[in-house]
Amino acid sequence: MAGLAARLVAEHLTAASPGHPWEGVTFAATWGSRDVLDVRLVRPELVAEISVDRSVDRGGVWRHPLRFRRLRLDVGLGDVPRFGEGPAAAVG
(Lines give C-alpha, C1' and ligand atoms only; values in the text may rest on other atoms or scores of the structure.)
Protein backbone atom coordinates (compact mmCIF):
# COMPACT_ATOMS: atom_id res chain seq x y z
CA MET A 1 0.00 0.00 0.00
CA ALA A 2 1.43 3.38 -0.96
CA GLY A 3 2.50 5.81 1.77
CA LEU A 4 -0.45 8.21 1.48
CA ALA A 5 -3.01 5.40 1.42
CA ALA A 6 -1.33 3.69 4.39
CA ARG A 7 -1.49 6.91 6.42
CA LEU A 8 -5.17 7.41 5.54
CA VAL A 9 -6.07 3.89 6.63
CA ALA A 10 -3.91 4.15 9.78
CA GLU A 11 -5.93 7.19 10.91
CA HIS A 12 -9.03 4.98 11.11
CA LEU A 13 -7.56 1.90 12.80
CA THR A 14 -8.17 0.92 16.42
CA ALA A 15 -5.94 -1.54 18.28
CA ALA A 16 -7.49 -4.96 18.87
CA SER A 17 -8.67 -5.96 22.31
CA PRO A 18 -7.18 -9.04 24.02
CA GLY A 19 -8.70 -12.24 22.65
CA HIS A 20 -8.47 -11.28 18.97
CA PRO A 21 -8.87 -14.48 16.84
CA TRP A 22 -5.39 -14.02 15.32
CA GLU A 23 -3.61 -13.37 18.62
CA GLY A 24 -0.39 -15.41 18.69
CA VAL A 25 -0.42 -16.12 14.94
CA THR A 26 2.74 -15.31 12.97
CA PHE A 27 2.78 -14.06 9.39
CA ALA A 28 5.57 -14.55 6.82
CA ALA A 29 6.86 -11.76 4.60
CA THR A 30 6.35 -13.80 1.40
CA TRP A 31 5.31 -17.32 0.39
CA GLY A 32 7.96 -19.77 1.57
CA SER A 33 9.81 -17.12 3.57
CA ARG A 34 11.01 -17.72 7.11
CA ASP A 35 11.06 -13.96 7.81
CA VAL A 36 8.30 -13.12 10.29
CA LEU A 37 6.45 -9.81 9.98
CA ASP A 38 5.94 -7.51 12.95
CA VAL A 39 2.13 -7.42 13.16
CA ARG A 40 -0.17 -5.17 15.17
CA LEU A 41 -3.68 -6.54 15.28
CA VAL A 42 -6.57 -4.12 14.81
CA ARG A 43 -10.33 -4.25 15.22
CA PRO A 44 -11.96 -5.39 11.95
CA GLU A 45 -14.24 -2.39 11.47
CA LEU A 46 -13.20 -0.90 8.12
CA VAL A 47 -14.29 -1.73 4.59
CA ALA A 48 -11.76 -1.32 1.79
CA GLU A 49 -12.23 -1.54 -1.96
CA ILE A 50 -9.60 -3.76 -3.60
CA SER A 51 -8.69 -4.93 -7.08
CA VAL A 52 -7.90 -8.62 -7.53
CA ASP A 53 -6.62 -10.67 -10.44
CA ARG A 54 -7.59 -14.35 -10.07
CA SER A 55 -4.76 -15.62 -12.31
CA VAL A 56 -3.06 -18.72 -10.93
CA ASP A 57 0.12 -20.25 -12.37
CA ARG A 58 0.57 -23.98 -13.08
CA GLY A 59 1.89 -24.52 -9.55
CA GLY A 60 -1.34 -23.17 -8.07
CA VAL A 61 0.24 -19.90 -6.87
CA TRP A 62 -1.59 -16.58 -7.28
CA ARG A 63 0.25 -14.60 -9.96
CA HIS A 64 -0.55 -11.07 -8.79
CA PRO A 65 -1.10 -9.51 -5.36
CA LEU A 66 -4.33 -7.73 -4.54
CA ARG A 67 -4.27 -3.94 -4.77
CA PHE A 68 -5.83 -1.51 -2.34
CA ARG A 69 -8.04 1.01 -4.16
CA ARG A 70 -9.70 3.08 -1.45
CA LEU A 71 -11.14 3.06 2.02
CA ARG A 72 -14.96 2.91 1.97
CA LEU A 73 -16.05 5.00 4.96
CA ASP A 74 -19.53 5.17 3.39
CA VAL A 75 -19.97 1.39 3.78
CA GLY A 76 -20.39 -0.47 7.07
CA LEU A 77 -19.48 -4.07 7.86
CA GLY A 78 -23.16 -5.06 7.80
CA ASP A 79 -23.40 -3.84 4.19
CA VAL A 80 -20.80 -6.34 2.93
CA PRO A 81 -21.47 -10.08 2.64
CA ARG A 82 -18.91 -12.41 4.21
CA PHE A 83 -16.52 -14.18 1.84
CA GLY A 84 -18.34 -16.90 -0.08
CA GLU A 85 -21.78 -15.48 0.71
CA GLY A 86 -24.10 -13.16 -1.17
CA PRO A 87 -25.02 -12.79 -4.84
CA ALA A 88 -21.45 -12.03 -6.01
CA ALA A 89 -19.71 -14.88 -4.16
CA ALA A 90 -16.36 -15.80 -5.69
CA VAL A 91 -15.95 -19.30 -7.03
CA GLY A 92 -12.85 -21.33 -7.73
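Our subject is the structure listed above.
Residues numbered from 1 in each chain as written. Predicted model: local features only at pLDDT ≥ 70, side-chain atom pairs only at ≥ 80, totals over all residues. Heavy atoms only, no water.

Turning next to a nonpolar patch on the surface. Together, Ile50, Val52 and Leu66 give the surface a local cluster of nonpolar side chains, amounting to about 280 Å² of exposed area. Along the polypeptide, Val52 turns up in the loop between β1 (48-51) and β2 (67-71). When its relative accessible area of 51% is taken as the criterion, Val52 is described as exposed. (Patch = residues over 30% accessible without salt bridge, like charges linked within 9 Å, V, L, I, M, F, W, Y side chains within 5 Å. Areas by Shrake-Rupley, 256 points an atom, 1.4 Å probe, with all protein chains shown as cover. Salt bridge = Lys/Arg side-chain N within 4 Å of Asp/Glu carboxyl O. Helix = DSSP H or I, 4+ residues; strand = E, 2+ residues; numbered from the N terminus. Buried < 20%, exposed > 50% of the residue type's maximum accessible area, 1.4 Å probe, protein only.)

Across all of its chains, the model carries 4 salt bridges by this definition. For Arg72, the salt bridge is made with Glu49, and the minimal N-O distance between the two is 3.4 Å. Of this pair, Arg72 sits in the segment after β2 while Glu49 is found in strand β1, placing the two residues 23 residues apart along the sequence. A relative accessible area of 29% means that Glu49 is categorised as partly exposed. Notably, a salt bridge pairs Arg72 with Asp74, separated by 2.8 Å at the nearest N-O pair. Classification of Asp74 by relative accessible area gives exposed; the value is 58%. Connected through shared salt-bridge partners, Glu49, Arg70, Arg72 and Asp74 make up one network.

None of the figures reported here should be taken as evidence of function without further support.
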